[in-house]
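# Descriptive structure summary
Read off the chains here:
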Amino acid sequence: MRSSPPAPAAPRPHRQTRHLHAQPGFTLVEVLVASTILAFITLAVINAIAVGQQQAIAALDDGRAAALAEATLEEVLALPYADPGGDTTFGPDAGESTRADFDALDDYHGWSQAANSITDPAGVAYPSTFQDLQRSVTVVDRTVSVASLGGDHTGRAITVTVTDPGGRTVTLERFIAEPPA
Amino acid sequence: MIRPTHPSRPGHRRIARRRGLTLVELLLAISGTVVIGAAIVAMLTSSAYATDEANDIRALVVRHKATSARLAANIRESKQVLAAGADYLVLWVADTDGDDAPSLLELRRIELDGVSDTLRIRDADPSATDVVYTLADNFALLTDALALGSDFPAIDLSEQVSALSFTLNDADPLAATLVTVRYSLTEGKLTDQGVVIARLRNAT
């Protein structure tokens, strides 16, 4: 926008005069265009920061869901394969109303905890950061064929599903072979 | 300073009328700059805070994974709990010498050092002279005493751990099959709780 330097052959330039003459200031349109560009750049940068933070929080949430699934599986696996009472139907036996009464891993079949009611095996609530998750367990008969281990093996497949408020799930499955009689 | 210009130049009249800024104009310009400047500072401060917090959260994600994996691994490979308290857990790792009694080389203790906020694991020095105990011994006091000597050194497992608690699924530690560990990790201004549940090898 500034005036170009005079040609070498021109007479002594009236620099100040020409400079002031050529200084038109910014028009309203130019200022608006400039501030619009600045606004877009600022929004883009802030958006990038916000998305970065959301990703970090999502990773922390995913970690919690995975930890809860692992913890649930450990809890189920701590129980014996065969029911001491001889009950063979999956799910809680007669008289087993809470998980504290469960005495075999199949008793966890159909067990679930809704959001805001997640508790540890002692019945103590999990930290509030876990309370938007929900979990469920299924136990089914499964036969696995492993040629190098002599063919078919019967056992039970335990599936733990943890669901977050966004509907995403963490699923862990473990096959427990039937112990030799 | 302003030299007379060629009369034919159109800039002539404007220069003649040029004056400085009035006080009101100057004040307006300054206050405008202050408002814009304050907005930019606020924006930069909040974005710096957000990036700091995002970094802390990422660090927490990694530290949670490391801490919970180590806690679970140490408990899961152990045979039995010998003693448990608010901030310590004494484990009988395995009956390696097959004498049905815990001994020094078979002990492991997980503890929180409340002064340095460090989660530690103590294992017997393999070169220490083995001592055989009985299940009836008070392993809380016994390992407290051992920790003062050199036969039961500690390794740091995780730093900036502000709370730790162990809960067993049985009132009798020896009969417990499941250990619930709750811990808090601090990173920057954030503190986040984690829960680890691990079953012992004596679970059927």
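For clarity, every value in this text was computed on a predicted model and none was experimentally measured. (Residues numbered from 1 in each chain as written. Chains lettered and ligands numbered in written order. Predicted model: local features only at pLDDT ≥ 70, side-chain atom pairs only at ≥ 80, totals over all residues. Heavy atoms only, no water.)

### Structural notes on the overall build of chain A
Rules: A run of DSSP states H or I qualifies as a helix once it reaches four residues; a run of E qualifies as a strand once it reaches two. Both are numbered from the N-terminal end. Classification of residues uses two cut-offs on accessible area relative to the type maximum, computed with a 1.4 Å probe and protein chains only: under 20% is buried, over 50% is exposed, and between them is partly exposed. We call two residues in contact whenever any of their non-hydrogen atoms come within 4.5 Å of each other. Here the accessible surface of atoms and residues is derived via Shrake-Rupley with a 1.4 Å probe, and residues count as covered only by protein chains that are part of the display.
When helices and strands are counted, chain A shows two helices and four strands. Scanning chain A from its N terminus toward the C terminus, one meets helices and strands in the order α-α-β-β-β-β. Here chain A, with 181 residues, has 29% of them falling under the buried criterion. Considering only residue pairs separated by 6 or more positions, chain A has 42% of its internal contacts joining residues 24 or more positions apart. When the accessible area of chain A is evaluated, it comes to approximately 10700 Å², of which 61% is carbon and sulfur surface.

### With respect to the nonpolar core
Keep this limit in mind: What is meant by a nonpolar core is a set of buried Ala, Val, Leu, Ile, Met, Phe, Trp, Tyr and Cys residues, joined one to another through side-chain atoms within 4.5 Å.
Judged by nonpolar contacts, the single largest core of 29 residues is most densely connected at B:Ile75, B:Leu89, B:Ile110, B:Val179 and B:Val181. Contributing elements (two or more residues each) for this core: helix 2 (28-77) of chain A together with helix 2 (23-76), strand 2 (88-92), strand 3 (107-113), strand 4 (118-123), strand 6 (161-168), strand 7 (178-187) and strand 8 (190-199) of chain B. In terms of residues, this core owes the most to one element, helix 2 of chain B, which gives seven residues. Not counting residues up to four positions away in its chain, the partners in contact with B:Leu89 are B:Ile75, B:Val81, B:Ala83, B:Ala84, B:Arg108, B:Arg109, B:Ile110, B:Phe166, B:Leu168 and B:Val179.

### Quick notes on the pairing of strand 2 of chain B
All names here are of chain B. Which entries qualify depends on this criterion: Each pair of strands is called paired provided DSSP finds at least two bridges between the two strands.
The buried fraction of strand 2 amounts to five of the five residues, a majority that puts the element mostly inside the structure. Alternating residues of strand 2 divide into Tyr88, Val90 and Trp92 and Leu89 and Leu91, and every residue in both groups is buried. Note: strand 1 (residues 80-84) against strand 2, four bridges, orientation antiparallel. Counted as the bridge partner of glutamine 80 is tryptophan 92 from strand 2. Note: strand 2 against strand 3, five bridges, orientation antiparallel. By the bridge assignment, valine 90 is partnered in strand 3 with arginine 109.

### What about the sheet that holds strand 1 (residues 112-113) of chain A?
Residues and elements named next belong to chain A. Taking strand neighbours across the sheet as the criterion, the four strands line up as 1-2-3-4 in an open arrangement whose pairing is antiparallel. Either end of the sheet is taken by a strand with one partner, and the two such strands are strand 1 and strand 4 (169-177). The pairing of strand 2 (residues 134-146) with strand 3 (residues 151-163) spans 13 bridges and is classified as antiparallel. Across the sheet, the residue bridging to valine 139 is isoleucine 158, located in strand 3.

### Overview of the packing of aromatic side chains
Applicable threshold: Put simply, two rings from Phe, Tyr or Trp (the six-membered ring, in Trp's case) pair if the centres are within 6.5 Å, and we call them stacked under 30 degrees between planes, edge-to-face over 60, tilted for the rest. For a Lys NZ or an Arg CZ to count as sitting over a ring, it must be within 6 Å of the ring centre and within 35 degrees of the ring normal.
Considering all chains together, one arrives at four aromatic pairs over all chains under this definition. Measuring from ring centre to ring centre gives 5.1 Å for A:Tyr126 and A:Phe130, while their planes differ by 65°; the resulting arrangement is edge-to-face. Each member of the pair, A:Tyr126 as well as A:Phe130, is classed as buried. Seen in terms of ring centroids, B:Tyr133 and B:Phe139 are 5.8 Å apart; in terms of plane orientation they differ by 85°. Their pairing is edge-to-face. For the pair B:Tyr133 and B:Phe139, a shared accessibility class is recorded, and that class is buried. Feature note: the residues A:Phe102, A:Tyr108 and A:Trp111 constitute an aromatic cluster, connected by ring pairs. The aromatic ring of A:Tyr81 is capped on one face by A:Arg156, whose charged end is 4.4 Å from the ring centroid.

### Section: the pattern of salt bridges
Pairing between side chains becomes possible if they bear opposite charge and their charged atoms approach one another. To keep it simple, the criterion reads: In what follows, salt bridge is the name for a side-chain nitrogen of Lys or Arg lying within 4 Å of a carboxyl oxygen of Asp or Glu.
Scanning the model with the defined rule gives 18 salt bridges over all chains in all. For A:Arg142, the salt bridge goes to A:Glu173, with nearest N and O atoms at 3.3 Å. Of the two residues, A:Arg142 sits in strand 2 while A:Glu173 sits in strand 4, which places them 31 residues apart along the sequence. The salt bridge involving B:Glu111 is made with B:Arg122; its shortest N-O contact spans 2.8 Å. With B:Glu111 in strand 3 and B:Arg122 in strand 4, the pair connects residues that are 11 residues apart, well separated along the chain. Like B:Glu111, the residue B:Arg122 is buried in the burial classification. Within the structure, one salt-bridge network assembled from shared partners comprises B:Arg109, B:Glu111, B:Arg122 and B:Asp144.

### What to know about helix 3 (residues 139-148) of chain B
All names here are of chain B. Selection criterion: Note that the arc is defined by the directions from the helix axis to the C-beta atoms. Counting of polar contacts relies on pairs of N or O atoms within 3.5 Å, with two restrictions inside protein: one atom must be capable of donating a hydrogen and the other of accepting it, and residues adjacent in sequence are counted only when both atoms are side-chain atoms.
Of the residues making up helix 3, those classed as buried are Phe139, Ala140, Leu142, Thr143, Leu146 and Ala147. When helix 3 is viewed along its axis, its buried side chains cluster within an angular range of 165° and face the same direction. In helix 3, those exposed residues whose orientation departs by more than 90 degrees from the buried face are Leu141 and Leu148. On its buried face, helix 3 sits against strand 1, strand 2, strand 3 and strand 4. Two to three positions downstream of the cap, the backbone nitrogen of alanine 140 sits 3.1 Å from a side-chain oxygen, assigning the N-cap of helix 3 to asparagine 138.

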